[in-house]
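Residue-level structural notes
So the chains spell out like this:
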Amino acid sequence: MSSRREFITLLGSAAALPHAARAQQQRPVIGYFSTESPDPSQDRMRAFREGLGEASYVEGQNVLIEYRFGKGQADVLPAMAADLVARGVKVIATPTTPSALAAKRATTTIPIVFAIGSDPVQLGLVHSLNRPGGNVTGVAFLTVELAPKLLEMLHDVIPTATSFALLVNPANPSIAEPVVSNVQAAVRTLGLELRVLQASTEHELDAIFMLLKQHGVAGLVIGPDPFFSTRSEALGELTRRYKVPAIFERRELVLSGGLMSYGASITEADRLAGIYAGRILNGEKPSELPVQQSTKVELVVNLKTARSLGLTVPLPLLARADEVIE
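Residues numbered from 1 in each chain as written. Predicted model: local features only at pLDDT ≥ 70, side-chain atom pairs only at ≥ 80, totals over all residues. Heavy atoms only, no water.

**Some words on the environment of Met210**
As for its placement among the helices and strands, Met210 is situated in helix H7 (residues 202-211). Considering only alpha carbons, one finds Met210 and Ala161, 49 residues apart in sequence, at a separation of 20 Å. (Helix = DSSP H or I, 4+ residues; strand = E, 2+ residues; numbered from the N terminus.)

**Here's the deal with the confidence of the model for the chain**
With 92% of its residues at a pLDDT of at least 70, the chain reaches an overall mean of 90. When pLDDT is averaged over each element of the chain, strand E3 (residues 91-94) comes out on top at 98 and helix H1 (residues 2-26) at the bottom at 48. For residues 6-11, every residue scores under 50 in pLDDT, and the model assigns this stretch zero contacts once sequence neighbours within four places are set aside. For residues 13-24, every residue scores under 50 in pLDDT, and the model assigns this stretch one contact once sequence neighbours within four places are set aside. (pLDDT = per-residue confidence, 0-100. Contact = heavy atoms within 4.5 Å.)

**Structural notes on the sheet that holds strand E9 (residues 246-248)**
Spatially, E7-E6-E8-E9-E10-E12-E13 is the arrangement adopted by the seven strands of the open sheet, whose pairing is mixed. Two strands bound the open sheet, and with one partner strand each, they are strand E7 (193-198) and strand E13 (323-325). Across the sheet, the mean angle separating the axes of adjacent strands is 20 degrees when strand polarity is ignored. Where strand E12 (residues 297-302) meets E13, three bridges bridge the pair, whose relative direction is parallel. Pairing of Val301 across the sheet is with Val324, part of E13. Contacting strand E6 (163-168), strand E8 (219-222), E9, strand E10 (260-264) and E12, helix H5 (residues 147-157) crosses the sheet at an angle of about 160 degrees to E8. (Pairing = 2+ DSSP bridges. Axes fitted to C-alpha atoms, helices over the stretch in contact; angles between N-to-C directions.)

**Description of the pairing of strand E4 (residues 112-116)**
Counted residue by residue, E4 has five buried out of five residues, so it is predominantly covered. The side-chain alternation of E4 yields two buried faces, one formed by Ile112, Phe114 and Ile116 and the other by Val113 and Ala115. Of the crossover connections in this fold, the one passing from E3 over helix H4 (residues 97-106) to the parallel E4 is right-handed. One ladder, built from five bridges, connects E4 with strand E5 (residues 136-141); its direction is parallel. Following the sheet pairing, Ile112 is matched in E5 by Val136. (Buried < 20%, exposed > 50% of the residue type's maximum accessible area, 1.4 Å probe, protein only. Right-handed = clockwise from strand over helix to strand, strands pointing away.)

**As for helix H11 (residues 266-281)**
Between its first and last C-alpha, H11 extends 23 Å over 16 residues, near the 22 Å set by a 1.5 Å rise per residue. Counting buried residues in H11 gives 13 out of 16 residues, a clear majority hidden from the surface. Phi turns positive one or two residues past the end of H11, at Gly283, with a value near 115 degrees. (Expected span 1.5 Å × (residues − 1).)

**What about the nonpolar core?**
Core analysis: the biggest nonpolar cluster contains 34 residues, and Leu154, Val179, Ile247 and Met260 have the highest contact counts within it. Looking at this core, the elements with two or more residues in it are H5, E6, helix H6 (173-190), E10, E12 and helix H12 (303-308). At seven residues, the largest contribution of residues to this core is made by H6. If near-sequence neighbours (up to four positions away) are discounted, Met260 is found in contact with Met153, Leu154, Val157, Ala246, Ile247, Phe248, Leu253, Val254, Val300, Val301 and Leu317. Ile30, Phe69, Ile275 and Ala277 belong to the second-largest nonpolar core, a separate cluster that totals 27 residues. (Core = buried A, V, L, I, M, F, W, Y, C linked by side-chain atoms within 4.5 Å.)

**Notes on the side chain of Asn172**
Tracing the sequence through the fold places Asn172 in the loop between E6 and H6. For Asn172, a relative accessible area of 10% translates into the label buried. In this structure, Asn172 is in contact with Pro98, Asp225 and Pro226, ignoring residues within four places of it in sequence.

Listed below in structure tokens is the structure:
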């Protein structure tokens with residue numbers, strides 16, 4: 001009898017194994033596809049998973065996530081996108097403009113959910129904000145539109161200065177060109193001079209900071225770009241080392257010694273994108289989900305850096321700050 005019970009138990013275990021394997025396979029897979037690097041993306045991924053949770057999906061329980069990071073290298077994106085398509089993921093989440101474009105080129109059937117700071121209509125990702133059409137939708141937050149504001153804030157801190165620099169990435173013209181155009185318009189309004197600097201490699205970044213003082217500029221506006229975002233901390237250290245008053249959209253720059261950051265709450269956009277990914281897994285179509293626009297912005301000021309540069313941050317600007325580092 002004992003042997004018979006053991007045999008029945010073994011049969012039950014063997015029958016359960018294929019069922020468990022099927023359950024594992026049945027969990028939908030999301031491809032999280034970014035041009036950034038894993039470490040700087042932790043907050044963004046956490047916010048995306050939070051949004052998924054609001055749509056009743058928990059990573060490792062009822063959904064799996066395949067992560068792909070380009071680490072600032074645009075040339076690897078097509079192969080990464082093709083790999084996710086070949087793996088048959090159910091949704092591709094793209095938290096950067098280049099990865100969204102690469103995903104769209106790779107598939108017209110797998111739903112794509114973006115969280116980007118560019119105009120998705122102008123980029124050709126969607127037909128319109130209200131009726132995206134096709135397989136792409138997501139969340140757009142402010143970046144290019146905020147670039148002139150970065151210049152204005154830096155000028156508020158250095159009101160006697162007449163010459164500023166703008167740093168852009170020439171390898172990403174879809175962002176660089178409108179940023180330059182918008183900031184140049186603000187420069188004309190304020191009666192200032194602007195020197196546009198370009199960098200798409202770390203060597204070029206180092207060279208620019210070494211020569212920045214020779215350009216005769218009072219402060220630096222770092223334009224939005226995934227290449228710069230993946231190096232926010234390094235940029236903060238460079239601005240501190242070379243004593244350059246600088247402003248960027250990412251708070252990591254300020255935490256590493258930069259003067260100020262002013263930008264959209266990217267994690268809020270990622271949370272909303274996570275909700276959309278969950279809704280698509282539940283059966284909704286991306287073509288019927290309007291592009292959301294996240295307008296929440298955050299200002300961070302490093303007073304310690306301001307004092308080391310001999311600058312005084314105006315009280316009205318400090319009053320607007322969401323975070324002040326003493």
